[in-house]
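# A structural walkthrough
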Amino acid sequence: MSIVRSLRRPASSRTVLITALEVVLSVAAATGVVAVLDAVAPVAGLGVVYLLAVLFVAIRRGELPALVTALLAVLTLNYFFIEPRHQLTIASSENVVALVVFLIAAVVVGRLAASARQRAREAEDRARQATARGREAAMLARAASDVMAGTELETELEAVGRTVAEATGAAGARLSLEAAPAPRDGEVSLRLPLASRNGWLYATPAPGWQEADLRRIAEPLARLIDVALERQLAEARVANAEAARRADVAKTAVLHAISHDLRSPLTAITTAAGGLGDPGLGDDDRADLVSVIGVESSRLARLVDDLLDLSKIEAGAVDPQPDWCDVHDVVASAAAGIGDHPVELALGADMPLVRADPAQLERVFANLLENAVRFSPPDVPVRVTAAVAGGAVTVTVTDRGRGVAASHRNHVFEPFYRAGSSGGSGLGLAICRGFVEANGGRIRLLAAEEGAAFAVSLPLVEQPAPAP
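Here is what the cut-offs are and how they apply
- Residues numbered from 1 in each chain as written.
- Predicted model: local features only at pLDDT ≥ 70, side-chain atom pairs only at ≥ 80, totals over all residues.
- Heavy atoms only, no water.
- Phe/Tyr/Trp six-rings, centres within 6.5 Å; stacked < 30°, edge-to-face > 60°.
- Helix = DSSP H or I, 4+ residues; strand = E, 2+ residues; numbered from the N terminus.
- Buried < 20%, exposed > 50% of the residue type's maximum accessible area, 1.4 Å probe, protein only.
- Polar contact = N/O pair within 3.5 Å; in protein donor to acceptor, adjacent residues only side chain to side chain.
- Contact = heavy atoms within 4.5 Å.
- Pairing = 2+ DSSP bridges.
- Axes fitted to C-alpha atoms, helices over the stretch in contact; angles between N-to-C directions.
- Expected span 1.5 Å × (residues − 1).
- Arc of directions from axis to C-beta.
- Parallel < 35°, antiparallel > 145°, perpendicular 65-115°, else oblique.
- Left-handed = near helix turned anticlockwise from the far one by under 90°.
- Nonpolar A, V, L, I, M, F, W, Y, C, P; charged D, E, K, R; others polar.
- Core = buried A, V, L, I, M, F, W, Y, C linked by side-chain atoms within 4.5 Å.
- Patch = residues over 30% accessible without salt bridge, like charges linked within 9 Å, V, L, I, M, F, W, Y side chains within 5 Å.
- Areas by Shrake-Rupley, 256 points an atom, 1.4 Å probe, with all protein chains shown as cover.
- Salt bridge = Lys/Arg side-chain N within 4 Å of Asp/Glu carboxyl O.
- Lys, Arg positive; Asp, Glu negative; His and termini not counted.
- Charge placed at Lys NZ, Arg CZ, Asp CG, Glu CD.
- pLDDT = per-residue confidence, 0-100.

This next bit is on the packing of aromatic side chains. Scanning the model with the defined rule gives one aromatic pair in all. Ring centres of F413 and F454 lie 6.0 Å apart, and the angle between their planes is 90°; this geometry places the pair in the edge-to-face category. Of the two residues, F413 is situated in the loop between β8 (392-398) and α12 (428-438) and F454 in strand β10 (residues 453-459); the sequence distance between them amounts to 41 residues. On the accessibility criterion, F413 (12% relative accessible area) is buried.

Laid out in C-alpha cells, this is it:
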C-alpha cells in the first residue's frame, strides 16, 4: 500500500500542473479570438468568448479551476481590451459594471457546469459500481457452480481462482487452505473468513486491478468455500456409513453361511469321527467314514476360502496382481481341477493375451466350470468358447442343464442366492463377479435356448513392444 500512496502523490502534482496549463491555454485562446473580433464588435459583447473558456474548464476540471479561469479572464479582458489598455485600472464606470456582470456570469456558468460535471461523474460511478456488483454477482454465481460441480475440492478451488481472476481483472488468482499464508513473488494475500479453518486468497496485480474489488468478494467467497468443505465432510460421512453398511451386510452373510452351509459338513465330519471309534467297525465301513471325513473337510475348507474371498470383495479389498495371461492356459488349468466330466475347449490358438491376475482369473473359470458340471448331464460336455470383439476378449462357459428361470436371472450374482434347489453355497457367482470386475472386466448371464451360458469379457490392452 505504501507503494500505491507514493505513486498517487506524483500523480496529484501532475494533475495540478495539467489543470493550470489548461486554464492558461483556455484564457489565451479566448484572448486571441477577442483580439481578432475587437475591430468589428464592442468589447462588452466579446466577454462571452471568455465564458466559453470558463465553461470548457468547468466541464473538464471542476468548480475551483473554473473560478480561477473566470478571475484570470476578467483581468485579461481589463488589461488588454478596456481603456486605458495595458493597465488594470478602469476609466469608465460602465466598464466596471460590465466586468462585474461578466465575473458574476462566469462564476455562475462555472458553478453550473461543475455541478453538471459532478452529477455526471456520480452517475458514472453509480453505473460503474452497478457494473462491478453485477460482475461480482456473476463471478459468485460461477464460483457457486464450480463449488457444486461435485469434483475434487482442489479442482474446485482452481476453477474458483480462475473465475476470481477474470472478474477482478487480476493477472492471476488462487485459493489455498494452508495454515499460514505463503504468497509467491508479486502476489497480494487476503485472508478469507472461513468458519472451520484458515483460508487465503492470493492475487497477482495487473493494470487497472484494485484490491478493493478483492476485499468485497472475500466474505461471500468464504461462505461458498465453507459450503464446499461441508459437502466434502458430508461425502466422507456418507462413504463411511456406506462402508459400515457393507461391512454389516458381509457380517450378516457370514453368519447366514455359518448357520446354514457350515453345519452340514461339520455334522458329517462329527458323525463319521464318532463312528470311527466303534471297535466293531469293519474295514469297509471304516474306509467309507474316512472318505466322508476327507470329502466334507475339503468342502468345508472350500467354503471357508469362499467366505474369506467374499469378505474381501464386499470390503473392496481385492488386490489383483495383473500380468499377461493366455486365456487358453488359464481355462485349461481351471478345467483340470473339476474331475472327469468332459469339457470342450473351443478357444482358438491365436487368442490375444489379456492383462489380469492369473490366480483370480483361474478361480473365476473354475467356479463357472463347477457350476456348469453340476447342472449338466454326466455324459454331455461343458462347452467353453472365446471371441474377440468390441475391444475385449469374451470367454463363454455353456452347460446343457435346465437353465436359469427368468425370475432368478437378476439375482444369480448375489451372495448366498440359490436358484431353487441348486445346491452349493451360493457364493461362486458372487466371487466370480467380484474378481472379474476387480480386473476391469464384466461377467454376464446370456440368454440361451438350452442350459445356461456365462460370458466373461476382459478388455484388450496394447502390449508393450519387445525390447531389441
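Among the structural elements, R363 can be located in helix α11 (residues 358-375). Residue classification places R363 among the buried positions, given a relative accessible area of 19%. One polar contact links R363 to D309, side chain to side chain, over a distance of 2.4 Å. Ignoring anything within four residues of it in the chain, the contact list for R363 reads R302, D305, D306, D309, I431 and F435.

What follows deals with the sheet that holds strand β9 (residues 442-446). The sheet built from five strands is open, its strands ordered β5-β7-β8-β10-β9 with mixed pairing. The two strands at the open ends of the sheet, each matched to only one other strand, are β5 (343-346) and β9. Geometrically, the sheet is characterised by an average inter-axis angle of 20° between neighbouring strands, direction not taken into account. Pairing geometry for β8 and β10, over seven bridges, is antiparallel. In the sheet register, A392 faces β10, and the bridge partner there is P459. The sheet contacts of α12 involve β9 and β10, and relative to β9 the element is tilted by about 140°.

This part takes up helix α8 (residues 263-276). Across its 14 residues, α8 extends 20 Å between first and last C-alpha, which sits within 8% of the 20 Å expected from 1.5 Å per residue. Burial in α8 covers these residues: P265, A268, I269 and A272. Mapping the buried residues of α8 onto a view down its axis gives an arc of 95°, with all of them on the same face. Within α8, the exposed residues directed more than 90 degrees away from the buried face are R263, T270, T271 and G274.

Looking now at the packing of helix α10 (residues 327-335) against α11. Where α10 contacts α11, the axes come no closer than 8 Å and their chain directions differ by 50°. If you check the angle between α10 and α11, you find them oblique. The way α10 lies across α11 gives a crossing that is right-handed. Across from V330, V331, S333, A334 and A335 in α10, the residues of α11 making contact are P358, L361, E362, F365, A366 and L369. Looking at side-chain class alone, the contact of α10 with α11 contains nine nonpolar, one polar and one charged residues.

For the rest of this paragraph, the subject is the nonpolar core. Among the nonpolar cores identified, the biggest contains 47 residues, and F365, L368, L369, V395, V397 and V456 are the most heavily contacted of them. Ranked by residues supplied to this core, first place goes to α11 with seven residues.

On to the sheet that holds strand β3 (residues 199-204), then. An order of β1-β3-β2 is seen for the three strands of this open sheet, with the pairing classed as antiparallel. The outermost strands of the open sheet, each flanked by one partner alone, are β1 (172-176) and β2 (188-192). Within the sheet, the average angular offset between the axes of one strand and its neighbour, ignoring direction, is 20°. Examined bridge by bridge, β1 and β3 share five bridges and lie antiparallel to one another. Among the inter-strand pairings, A173 is bridged to a residue of β3, identified as A203.

A cluster of nonpolar side chains, contributed by V33, V36, L37 and V40, occupies part of the molecular surface with about 360 Å² of accessible area. Inspection of the secondary structure assignment puts V40 in the loop between α1 (2-37) and α2 (43-61). A relative accessible area of 68% places V40 in the exposed class.

Our next topic: a negative patch on the surface. Together, D283, D284, D285 and D288 line one region of the surface with negative charge. Judged by relative accessible area, which is 66%, D283 ranks as exposed.

So, about the confidence of the model for the protein chain. Here the protein chain averages 76 in pLDDT, and 78% of its residues register 70 or above. Throughout residues 1-11 the model reports pLDDT below 50, and contacts reaching past four residues in sequence, or to other chains, amount to one contact.

Take the pairing of β1 next. A large share of β1 lies buried, amounting to five of its five residues. Burial of the side chains of β1 extends over both faces: G172, R174 and S176 are buried on one face and A173 and L175 on the other.

Counting buried residues along α12, eight of its eleven residues qualify, which places the element largely inside the surrounding structure. Taken as a whole, α12 has its buried residues at G428, L429, A430, I431, C432, G434, F435 and V436. Those residues of α12 that are buried lie in contact with α9 (283-314), α11, β9 and β10. Just beyond α12, the residue with positive phi is G440, at close to 80°.

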